[in-house]
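These are the residues of each chain, in order.
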Amino acid sequence: MDVDMRLLRSFVAVAEEGTLTRAAERLFVAQPALTKQIRQLETQLGVRLFTRSRTGMTLTEAGRALAGRVPALLAGWDQALRETRSAAGRAARSLRVGFLASAANEATPRIIAEFTRRRPGWRVEMRQAAWSDPSAGLAAGEADVALLRLPFPGQDALRTAVLFTEPRWVALPEGHPLAERDVISFRDLWDEPFVAAPPETGRWRDHWLAADEREGHPVRIGAVTDRPDDWLSAIANGYGIALAPASAARFYARPGITYRPVTGVGPSRVAVAWAAADDNDPVVQDFVRCCLDGPWTEGDTG
């Protein structure tokens with residue numbers, strides 16, 4: 001019997017998280033889709049894997065047997081895929097670098113230039129990810145290394161090193177009453193509708209909504225977007241405001257949008273990330289060193 005690996009990953013997430021809600025957030029999928037996947041797996045196997053209740057999902061005896069085997073199976077498959085893709089990259093002398101939005105800002109071309117100096121004949125293939133994938137393809141093995149912003153779901157399973165931090169500002173429609181201020185208190189933004197990332201992005205979405213810095217005040221969502229262009233359009237059209245890195249005022253300046261500094265929120269952290277399996281990969285580690293050796297680096301490694 002052939003079983004889709006995606007169904008097994010869904011099974012493991014539900015088994016480890018104990019609820020469909022948390023598992024859906026971890027997998028960046030909608031809860032109804034995850035429920036359908038679990039039922040599909042149970043149908044294929046001909047057994048019941050979970051007992052469902054109001055408090056969550058409890059493994060049956062059959063589910064516990066499967067849960068004891070599947071994580072190692074998936075880890076082995078993931079490693080095989082990563083090694084296969086890395087081998088292809090080495091043969092082509094190409095390093096896949098995932099990134100979000102403006103990556104490491106002005107440091108990005110300097111990092112790439114230093115890498116190509118250290119690795120003559122190699123090229124860096126930059127792959128931009130949507131905000132629905134805040135690991136920038138790294139978690140799925142679609143990138144060898146990534147330039148991204150912390151925190152994000154699944155971060156603890158990867159290696160990360162902070163390059164620098166920058167303040168979070170706010171992006172407003174240029175006609176917004178608060179746009180006339182030089183600096184805005186975050187408390188004055190609490191009741192504003194926000195343009196948010198998809199709910200499945202979990203910690204990433206919460207960070208850019210500053211959910212932990214609202215003292216329990218609920219968030220109003222005016223629009224949900226997945227890419228910078230849609231995000232900019234939603235703000236310019238008045239559907240909401242949004243927190244953004246201070247550098248967005250340089251990289252995403254456009255008519256109809258005003259950026260202002262905000263007090264009362266912590267900074268954004270830009271990091272380089274890679275898989276633990278690549279700790280000894282010389283090419284990946286060369287790129288990481290190029291990131292960490294620059295004058296912009298703050299040196300926080302996790």
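Analysis parameters
- Residues numbered from 1 in each chain as written.
- Predicted model: local features only at pLDDT ≥ 70, side-chain atom pairs only at ≥ 80, totals over all residues.
- Heavy atoms only, no water.
- Phe/Tyr/Trp six-rings, centres within 6.5 Å; stacked < 30°, edge-to-face > 60°.
- Helix = DSSP H or I, 4+ residues; strand = E, 2+ residues; numbered from the N terminus.
- Buried < 20%, exposed > 50% of the residue type's maximum accessible area, 1.4 Å probe, protein only.
- Lys NZ or Arg CZ within 6 Å of the ring centre and 35° of its normal.
- Contact = heavy atoms within 4.5 Å.

The subject of this paragraph is the packing of aromatic side chains. Aromatic ring pairs are defined here through the distance separating the ring centres and the angle between the ring planes. Applying the stated criterion across every chain, the model contains 4 aromatic pairs. Consider the rings of tryptophan 131 and tryptophan 231, whose centres lie 5.9 Å apart with planes at 90°: the pair is edge-to-face. With tryptophan 131 in the loop between β4 (123-128) and β5 (145-150) and tryptophan 231 in helix α7 (residues 228-236), this residue pair connects regions lying 100 residues apart in the sequence. A residue is classified by how much of its surface remains accessible, and tryptophan 231, at 8% relative accessible area, is buried. Taken together, a centroid distance of 6.0 Å and an interplanar angle of 65° make the contact between tryptophan 204 and tryptophan 208 edge-to-face. Linking tryptophan 204 with tryptophan 208, this pair stays in helix α6 (residues 203-208), spanning 4 residues, or about one helical turn. According to the relative accessible area criterion, tryptophan 208 is buried, its value standing at 11%. Directly above the aromatic system of phenylalanine 194 lies the positively charged group of arginine 214, at a separation of 4.7 Å from the ring centroid.

On the secondary structure map, threonine 19 appears in the loop between α1 (5-17) and α2 (20-27). Residue class for threonine 19 comes out buried when judged on its relative accessible area of 16%. Excluding residues that lie within four positions of it along the chain, threonine 19 makes contacts with Val14, Thr55, Gly56 and Met57.

Bringing unusual backbone geometry into the picture now. A cis amide bond, omega -5°, links leucine 150 with the succeeding residue proline 151. Tracing the chain through its elements places proline 151 in the loop between β5 and β6 (158-166). Residues other than glycine seldom take positive phi values, yet alanine 101 does so here, at roughly 50°. By the element assignment, alanine 101 lies in the loop between β3 (94-99) and α5 (107-118). A positive phi is found at asparagine 105, a non-glycine position, where the angle reads about 60°. With respect to the secondary-structure elements, asparagine 105 resides in the loop between β3 and α5.

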